[in-house]
Amino acid sequence: IVEYLAIQSTDRAITSLPPHYSYGLSVLNSHLAAGAALVLTDASAIDPEFRRLCEVATVTSIAGVPYTYELLERSGFMEWAPASLQTM
């Protein structure tokens, strides 16, 4: 996963999916394996705190399932996305 997604030690992923989901756990493991940073939160993708963390922590990637991206789009996040964001 690290190689395929080209995860670098400079990447910063936010925990947008719970770790008890296989995809959420994969994000944790792959970023840790690459020496990348994780921004830990239990805030929902539509929570203003999620937006604030993405900006303040210079998040470079957000993992999600289709519903995650629907929430982000509905909340206006897509128009606001921080400059640091590289992949979704």
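A brief structural summary. (Residues numbered from 1 in each chain as written. Predicted model: local features only at pLDDT ≥ 70, side-chain atom pairs only at ≥ 80, totals over all residues. Heavy atoms only, no water.)

This part takes up helix H3 (residues 48-56). Here H3 has its buried residues at Phe50, Leu53 and Cys54. Taken end-on, H3 shows its buried residues confined to a sector of 100°, consistent with a single buried face. Exposed and facing more than 90 degrees away from the buried side of H3 are Pro48 and Val56. Buried residues along H3 sit against strand E1 (12-14), strand E2 (37-39), strand E3 (61-62), helix H4 (66-74) and helix H5 (77-80). Two or three places before Glu49, at the start of H3, stands the capping residue Asp47, its side-chain oxygen 2.8 Å from that residue's backbone nitrogen. Looking one or two residues past H3, Thr58 carries a phi angle of roughly 45°, positive in sign. (Buried < 20%, exposed > 50% of the residue type's maximum accessible area, 1.4 Å probe, protein only. Helix = DSSP H or I, 4+ residues; strand = E, 2+ residues; numbered from the N terminus. Arc of directions from axis to C-beta. Contact = heavy atoms within 4.5 Å. Polar contact = N/O pair within 3.5 Å; in protein donor to acceptor, adjacent residues only side chain to side chain.)

Time to look at the packing of aromatic side chains. Considering all chains together, one arrives at two aromatic pairs under this definition. Ring geometry for Phe50 versus Phe77: centroids 6.2 Å apart, planes at 55°, classification tilted. Here Phe50 is found in helix H3, whereas its partner Phe77 is found in helix H5, with 27 residues between them in sequence. One exposure class covers both Phe50 and Phe77, and it is buried. Between the aromatic rings of Phe77 and Trp80, the centroid separation amounts to 5.2 Å while the plane-to-plane angle is 55°, which identifies the pairing as tilted. Note that Phe77 and Trp80 are positioned in helix H5 at a spacing of three residues, about one turn of the helix. The class for Phe77 is buried, based on a relative accessible area of 0%. Three or more aromatic residues joined by ring pairs form one cluster here, namely Phe50, Phe77 and Trp80. (Phe/Tyr/Trp six-rings, centres within 6.5 Å; stacked < 30°, edge-to-face > 60°.)

Before going further, it helps to spend a moment on the environment of Glu73. Along the chain, Glu73 falls in helix H4. Glu73 gets classed as exposed once you look at its relative accessible area, which sits at 54%. Measuring from C-alpha to C-alpha, the distance between Glu73 and Ala45 comes to 9.8 Å, with 28 residues separating the pair along the chain.

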